[in-house]
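# A look at the structure
The residues making up each chain are set out below.
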Amino acid sequence: MIERKANLSLRIRSEKMAPRSDSQTLATGSAMSDTSGESSIDPIFHILRIIPFSFLRPPRLRLKLPSFTLPSPMTVFALILLTYFLVVSGFVYDVIVEPPGIGSTQDPITGSVRPVVFMSGRVNGQYIIEGLSSGFMFVLGGIGIIMLDLALDKNRAKSVKASYATAGITSIVIAYVMSMLFIRIKIPGYLH
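Residues numbered from 1 in each chain as written. Predicted model: local features only at pLDDT ≥ 70, side-chain atom pairs only at ≥ 80, totals over all residues. Heavy atoms only, no water.

As annotated in an unreviewed UniProt entry, the protein is Oligosaccharyltransferase complex subunit from Cardamine amara subsp. amara. Under the UniProt heading Sequence similarities (unreviewed entry), the entry covering the protein gives this text: "Belongs to the OSTC family." (UniProt positions renumbered as here; feature names shortened; annotations may be inferred.)

## Describing the environment of Gly 144
By the element assignment, Gly 144 lies in helix α7 (residues 128-151). Among the residues examined, Gly 144 registers a relative accessible area of 0% and is labelled buried. Placed 31 residues apart in sequence, Gly 144 and Ala 175 show a C-alpha to C-alpha distance of 8.8 Å. Leaving out residues up to four positions away in the same chain, Gly 144 has contacts with Gly 168, Ser 171 and Ile 172. (Helix = DSSP H or I, 4+ residues; strand = E, 2+ residues; numbered from the N terminus. Buried < 20%, exposed > 50% of the residue type's maximum accessible area, 1.4 Å probe, protein only. Contact = heavy atoms within 4.5 Å.)

## Section: the pattern of salt bridges
A complete count under the given rule lists two salt bridges for this structure. Taking the shortest distance from any N to any O, the salt bridge between Arg 156 and Asp 153 comes out at 3.5 Å. We classify Arg 156 as partly exposed; its relative accessible area is 30%. Since its relative accessible area comes to 28%, Asp 153 is described here as partly exposed. (Salt bridge = Lys/Arg side-chain N within 4 Å of Asp/Glu carboxyl O.)

## Looking at the side chain of Ser 171
You can see Ser 171 is positioned in helix α8 (residues 158-186). Excluding anything up to four places from it in sequence, Ser 171 contacts Leu 140, Gly 141 and Gly 144.

## Observations regarding the pairing of strand β2 (residues 113-116)
In this sheet, β2 lies alongside strand β1 (residues 103-106) in antiparallel orientation, the contact comprising four bridges. Looking across to β2, one finds that Ser 104 is bridged to Pro 115. Two successive antiparallel strands, β1 and β2, enclose a turn made up of six residues, where Gly 111 displays a positive phi of approximately 85°. (Pairing = 2+ DSSP bridges.)

Have a look at this one:
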């Protein structure tokens, strides 16, 4: 028993006198700086940090992360086509300048007011209906080109391919003729 006490006291003395390694010194130093950092915090901040949580408990929430699925290719195509329509129809111009939806002129002979769809003579101005109708013609031409591409698919029946080709060519011709008509109304004497 006496030997045990002597061994124990020798072990305690050797632990007290043993030099510390650098990692022990760094660990105790960082722990001391953490505790001293908390004690050096502004007292108002400390009160605001401790007091509310003495009587308030955060709720136990079982929240799931939302799972996002990629949209279908047709949804992406529809969004891109809608964006294209808005851009070519001058939607940004319409929002910024706020032109009237449709114009009007007074007939010099009868004096009656009649509606005008195209802002004639001004290339850098448009009515809202003018922009939307021009944008629709551009989209119609683009859809016609897409239909021509679908008509080249080898896995389709000949009748379906012929329908796609006919609809595509018709759409492109209508879009071209109407766009040229719009330009001639907008700019009198264009290409004459």
